[in-house]
Amino acid sequence: NTSTPTTLPAVDSATKAEYNAETRELTATVTAADKGTLAGSVKFSAGDWSKTVKLDAEGKATVTLPASVSGTVAVAYDGYTDGLVNPSDTPGVIA
């Protein structure tokens, strides 16, 4: 008797970002459609600057923008290496 391994379909994720102009902190919050725990990282990028930050236990990643960064900052979650959560991003945050 052979068993067939179970494969789960990937769930969608949603990424939102909030910018605090006083502290220059940009925080991304990633949620999974099934409300499950997330892992992975978020990439923040603007022009020739970028930084990748790992998600914390609450699905958040925060970066302090350098003074040289202004305009639109792209925020993208890379999904997870196990393939169980799909990537997502925001259209961009104005800093």
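Rules behind the numbers
Residues numbered from 1 in each chain as written. Predicted model: local features only at pLDDT ≥ 70, side-chain atom pairs only at ≥ 80, totals over all residues. Heavy atoms only, no water. Helix = DSSP H or I, 4+ residues; strand = E, 2+ residues; numbered from the N terminus. Rg over C-alpha atoms; globule rule 2.2 N^0.38 Å. Areas by Shrake-Rupley, 256 points an atom, 1.4 Å probe, with all protein chains shown as cover. Lys, Arg positive; Asp, Glu negative; His and termini not counted. Charge placed at Lys NZ, Arg CZ, Asp CG, Glu CD. Pairing = 2+ DSSP bridges. Axes fitted to C-alpha atoms, helices over the stretch in contact; angles between N-to-C directions. pLDDT = per-residue confidence, 0-100. Core = buried A, V, L, I, M, F, W, Y, C linked by side-chain atoms within 4.5 Å. Buried < 20%, exposed > 50% of the residue type's maximum accessible area, 1.4 Å probe, protein only. Contact = heavy atoms within 4.5 Å.

## Points about the overall build of the chain
The secondary structure content of the chain amounts to zero helices and seven strands. The C-alpha atoms of the chain give 16 Å as radius of gyration, which overshoots the globular expectation for 95 residues (12 Å, by more than 25%). Summarising its shape, the C-alpha atoms of the chain cover approximately 65 × 25 × 20 Å along the three principal directions. A total of about 6100 Å² of accessible surface is found on the chain, and carbon and sulfur atoms cover 49% of it. Seen as two clouds, the 7 positive and the 11 negative side-chain charges of the chain have centres 3 Å apart.

## Description of the sheet that holds strand β1 (residues 13–20)
The sheet built from three strands is open, its strands ordered β1-β2-β5 with antiparallel pairing. Because the sheet does not close on itself, it has two edges, and the strands there are β1 and β5 (60–64). Across this sheet, the average inter-strand angle for adjacent strands is 15 degrees, counted without regard to direction. As judged from the eight bridges shared by β1 and strand β2 (residues 25–32), these two strands associate in the antiparallel manner. Looking at β2, one finds that Ala14 is bridged to Thr31.

## Here we look at the confidence of the model for the chain
Chain-level statistics for the chain give a pLDDT mean of 90 and a share of 94% at 70 or above. The secondary-structure element of the chain with the lowest mean pLDDT is strand β7 (residues 88–94), recorded at 85, while β5 shows the highest, at 97.

## A look at the nonpolar core
Formed by 21 residues in total, the largest nonpolar core has its most connected members in Leu26, Val42, Phe44, Trp49 and Val73. Ranked by the residues each element gives to this core, the list is headed by β2, at four residues.

## Things to note about the sheet that holds β7
Reading across the sheet, the four strands line up as β4-β3-β6-β7 and stay open at both edges, with antiparallel pairing between neighbours. Each having just a single partner strand, β4 (49–54) and β7 make up the two edges of the open sheet. Along the sheet, successive strands turn relative to each other by an average axial angle of 15 degrees, direction set aside. Relative to β4, strand β3 (residues 41–46) runs antiparallel, the two sharing six bridges. Counted as the bridge partner of Ser45 is Ser50 from β4.

## Looking at the side chain of Thr15
With respect to the helices and strands, Thr15 occurs in strand β1. With a relative accessible area of 11%, Thr15 lands in the buried category. Those residues within four positions of Thr15 in sequence are excluded, and the remaining contacts are Ala28, Thr29, Val30, Val75, Tyr77, Ser88, Asp89 and Thr90.

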